[in-house]
Amino acid sequence: MFVLAEGAAPVVHPAAASGVFSLLWLVIALPMLGAVVLLVGGPLAKGRLDRNGHRIGVALPVLAFVISLAMFIQLLGRSSDNRQLSQHLYTWFEAGGLKVGADLLYDPLSALFLLLITGVGSLIHIYSVGYMASDERRRRFFGYLNLFIAAMVTLVLAANYFGVFLGWEGVGLASYLLIGFWQYKHSAAAAAKKAFILNRVGDIGMAMGVSLFFVTFGTTDFTTISANANKVSEGTMTALGLLLLLAACGKSAQVPLQSWLLDAMEGPTPVSALIHAATMVTAGVYLIVRSNFIFDYAPHARTAVMIVAVVTLLWGAIIGCANDDIKKVLAGSTMSQIGYMMLGAGIGPAGYPFAIFHLLNHGFFKADMFLGAGSVMHGMNDDVNMRHYGVLRRAMPVTFLTFAMGYLAIIGFPGFSGFWSKDRIIEEALTQSWWAGVLAIVGAGITGFYMTRLMFMTFFTDRRWAEGVHPHESPPVMTVPLIVLAALSVLGGVMLIGNWIVNFLEPVTGQIAHENPPLSSLAISAIVVAIVAVGVAAAWYFVGRVEVPREAPADVSWPVTAARAELYGNEINDELVGKPVGALVAGSTYFDRYAVDGFVEGTASAVGGSGLVLRRLQTGFVRSYALSLLAGAILVVAALLAVNLA
Amino acid sequence: MTDYVVLSSILFTIGAVGVLTRRNAIVVFMCVELMLNACNLALVAFANQNGNLDGQIAAFLVMVVAAAEVVVGLAIIMTIFRTRRSASVDDASLLKY
């Protein structure tokens, strides 16, 4: 176990941005401009933007990427203790003692995220030009994508938790709009709502965390919080850590808030690649690494992160094993890989750099594979069932080769990007606590199984195409981004040369003395590769060497049934939350209908009923009225006499 | 004095019984007038006994109101008779529950 030295958590102390860094705000403003032009200006331009809007939608993120790259190169030129820069735009709002500025923070962590978001984002925008070519609402699609980029960049550039929260909600909105992009499909509309509502649960954690930051520190600025973090009690820090973990669970689809991610695959495939694989779902990891000054002082919260991470990495992997929907397998895999990142983040300062390293690599290879899956679907008339694929390596050679690069990266084939990052996380996990490390190795084996199964069912085995399907390679506008991403998936490991990424992130994540793992790195790598090989061999044994039926067999063992049912995540939610809340609603409705309404309506019907009886007095006969008048008059006179004579 | 009050009471009673028992609207109307004038007689008699004009003024007021009431009432009775060919108050009983 590593023990943090007193006051060792790094303090955020940015210098004012100047030179090329003063363009920082443009990285948010450019995609935002694109979103405004495409979404608001589109209807005004009378169809012109419907035809050409995608050019704007692609150009602005690319421009943002160019700026990010220029800033990154400038940042590399600075000394490592001089790599935190801030830009104050204006005072966002002021209320009582709370003053929140629209401040941006550019440091090594946000620099890497900017490159990932704008870089992979731009590639996916380019790919979308081809993928969405025949969709008549393409302008709106690009508007939403630009909105997403702007929100995500806000999230990673904000210098206080209010700004992070703004971006957090922004990406949630963009995710909702894009999952439900084909909203005429009932399943897509329902999936969008499900994602939004489950994210709301996590957002409660975020909102309460921001409030607790304000209560504890009087501000939400990273600078002040990190400087005062060592003065706060551990209980408060643990509470903050757990609230941030809840937020991360929602956004990053970690158990117990994981069930929305598989349904989110209803969105167009570029959306799955950009939002639900490469960037947005990793926001939880960003949040935890960014809040290292909290977690460094909250060991219990870190343990909770590790538990959530290990459960999720196995959960997602098991789901991936039995699903026949190519996108859902990849979604389960995303969940599982984010589990690895969370595990890295939960380990503490020793794991932060590798969590980010794996996050970047995952951004490359998973975006590559999602876009590859999109390319396959493009050629297969949007069929997502892998049981209807087979031998596509001949029909789509480019897609196959690029997908294979991503595949080798994710299973951790030696030399590919995933090998370097996943192994380092496993190694640090073993150093920290053996159970997490062992389970992470098991997860790596399952990853080998389900990814190999996907490869076999899609690109090898026999031809099981539906009638009238003629698979074909996608146009260059789609394959070029695939090739770039495949190259990045292969070469992602270069970031580890000379421990570069660890040193680069050190101003953010802090410096710790290296501890030797229980086994040598080489031995651990060998074990992991051996376990993965077992998984691959198992996939060949169960899928590769036999004939794959076109229909999913019904008589399967209970683990397969459970995995097909997504480990009953929906049922658990239903039992633990859905039904109790449903019962509460039913009870409230019953109370309202029979107690509240009963009282009100009872009073009304009592008055009405007595009126029904009393109106019989109105006979319409003038003489009977006259008699009652006379009787009344006599009564009055008699009363007066009685009073006066008494 | 007692005679006036007795006479007034007798007239009022005749009027009241007439209103309650007769069906012809004109007769009922006449009985109402009889009751009003019984009241007038009592008012004037009491005014005479008290030695001031309050009762007499009230009697004038009753007369004015009665005159106005006769105009409206007879007009209504005329209209009812024209539409229904009947002046029976029991026939005009539609305004009920």
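Just so it is clear, the model here is predicted, and its values are computed rather than measured.

The rules we used
- Residues numbered from 1 in each chain as written.
- Chains lettered and ligands numbered in written order.
- Predicted model: local features only at pLDDT ≥ 70, side-chain atom pairs only at ≥ 80, totals over all residues.
- Heavy atoms only, no water.
- Helix = DSSP H or I, 4+ residues; strand = E, 2+ residues; numbered from the N terminus.
- Buried < 20%, exposed > 50% of the residue type's maximum accessible area, 1.4 Å probe, protein only.
- Contact = heavy atoms within 4.5 Å.
- Lys, Arg positive; Asp, Glu negative; His and termini not counted.
- Charge placed at Lys NZ, Arg CZ, Asp CG, Glu CD.
- pLDDT = per-residue confidence, 0-100.
- Pairing = 2+ DSSP bridges.
- Axes fitted to C-alpha atoms, helices over the stretch in contact; angles between N-to-C directions.
- Buried area = accessible area lost by both parts, 1.4 Å probe.
- Salt bridge = Lys/Arg side-chain N within 4 Å of Asp/Glu carboxyl O.
- Polar contact = N/O pair within 3.5 Å; in protein donor to acceptor, adjacent residues only side chain to side chain.
- Nonpolar A, V, L, I, M, F, W, Y, C, P; charged D, E, K, R; others polar.
- 1 Å grid on protein atoms, 1.4 Å probe; cavity = no way out; pocket = protein on both sides within 12 Å on 5 of 7 lines; lining within 4 Å.
- Points joined across faces, edges and corners; volume = space filled by probe spheres on them.
- Phe/Tyr/Trp six-rings, centres within 6.5 Å; stacked < 30°, edge-to-face > 60°.
- Patch = residues over 30% accessible without salt bridge, like charges linked within 9 Å, V, L, I, M, F, W, Y side chains within 5 Å.
- Areas by Shrake-Rupley, 256 points an atom, 1.4 Å probe, with all protein chains shown as cover.

**Q** Residues and numbers for the overall build of chain A, please.
**A** Helix and strand content of chain A: 25 helices and 3 strands. C-alpha atoms of chain A, sized along the principal axes, occupy 120 × 65 × 55 Å. The buried share of chain A, reckoned over its 646 residues, is 56%. Contacts in chain A between residues far apart in sequence, at least 24 positions, make up 82% of those at least 6 positions apart. With 38 positive and 38 negative side-chain charges, chain A shows a spacing of 9 Å between the two charge centroids.

**Q** Let's hear about the confidence of the model for chain A: which residues, and what values?
**A** In the predicted model, chain A carries a mean pLDDT of 91, and the fraction of residues at 70 or more is 98%. Ignoring residues within four places in sequence, the model shows residues 1-7 of chain A, a span with pLDDT below 50, making 15 contacts including any to other chains.

**Q** Could you give an account of the sheet that holds strand β3 (residues 98-106) of chain A, with specific residues and numbers?
**A** Residue and element names in this part refer to chain A. A sheet is described by the order of its strands in space; here 3 strands give the open sequence β1-β2-β3, paired in mixed fashion. A single partner strand is all that each edge strand has here, and the edge strands are β1 (15-16) and β3. Running at roughly 95° to β3, helix α1 (residues 24-44) makes contact with β2 (85-95) and β3 of the sheet.

**Q** Provide a residue-level description of the interface of chain A and chain B, including the pertinent values.
**A** Taken together, the 12 residues of chain A in the interface contact 13 residues of chain B. Carbon and sulfur atoms make up 63% of the area that chain A and chain B hide from each other, which totals about 1,100 Å². Contact with chain B buries surface across chain A, with A:Phe621, A:Arg623 and A:Leu630 losing the most and accounting together for 47% of the total. Where chain A packs against chain B, one counts 1 salt bridge. Close ionic contact of A:Arg623 with B:Asp90 constitutes a salt bridge, the shortest N to O distance being 2.5 Å. On the surface where chain A and chain B come into contact, there are 3 residue pairs in polar contact (both at pLDDT 80 or more). Partitioned by chemical class, the residues of the side of chain A that touches chain B number 6 nonpolar, 3 polar and 3 charged.

**Q** Residues and numbers for the environment of A:Leu261, please.
**A** Residues and elements named next belong to chain A. Mapped onto the elements of the fold, leucine 261 is located in helix α9 (residues 260-263). Residue leucine 261 is classed as buried on the basis of its relative accessible area, which comes to 0%. A C-alpha to C-alpha distance of 26 Å links leucine 261 and tryptophan 420, two positions 159 residues apart in sequence. Setting aside chain neighbours within four positions, we find leucine 261 in contact with Ala253, His276, Val281, Ala331, Thr334 and Met335.

**Q** Residues and numbers for empty space enclosed by the protein, please.
**A** Residues and elements named next belong to chain A. Under the criterion given, the structure shown has 2 cavities of 30 Å³ or more. Roughly 40 Å³ of internal volume is contained in the largest cavity. The wall of the largest cavity is formed by Pro10, Val12, Gln84, Asp107, Arg290, Asn292, Phe293, Pro507 and Val508. For the lining of the largest cavity, the elements supplying multiple residues, two or more each, are α12 (292-295) and α21 (500-509). Its residues assigned to classes, the lining of the largest cavity shows 5 nonpolar, 2 polar and 2 charged. Estimated volume of the second largest cavity: approximately 30 Å³. Lining the second largest cavity are Gln258, Ser259, Leu262, Trp315, Ile319, Met335, Glu566, Gly569 and Asn570. Residue assignment for the lining of the second largest cavity shows that the elements contributing at least two residues are α13 (299-322) and α24 (569-614).

**Q** Please give an account of the packing of aromatic side chains that cites residues and values.
**A** All names here are of chain A. Applying the stated criterion across every chain yields a total of 27 aromatic pairs over all chains. Ring plane angle 45° and centroid distance 5.7 Å describe the contact between phenylalanine 21 and tyrosine 106, whose orientation is recorded as tilted. Taken as a pair, phenylalanine 21 in the loop between β1 and α1 and tyrosine 106 in strand β3 lie far apart in primary sequence, 85 residues in all. Neither phenylalanine 21 nor tyrosine 106 differs from the other in exposure class; each is buried.

**Q** Break down a nonpolar patch on the surface for me, with residues and values.
**A** All names here are of chain A. Taken together, the side chains of Ile307, Val311, Trp434, Trp435, Val438, Leu439 and Val442 make up a nonpolar region of the molecular surface, amounting to roughly 610 Å² of accessible area. Mapped onto the nonpolar patch, the elements with two or more residues apiece are α13 and α19 (434-459). Ranked by residues supplied to the nonpolar patch, first place goes to α19 with 5 residues. Along the polypeptide, isoleucine 307 turns up in helix α13. The class for isoleucine 307 is partly exposed, based on a relative accessible area of 41%.

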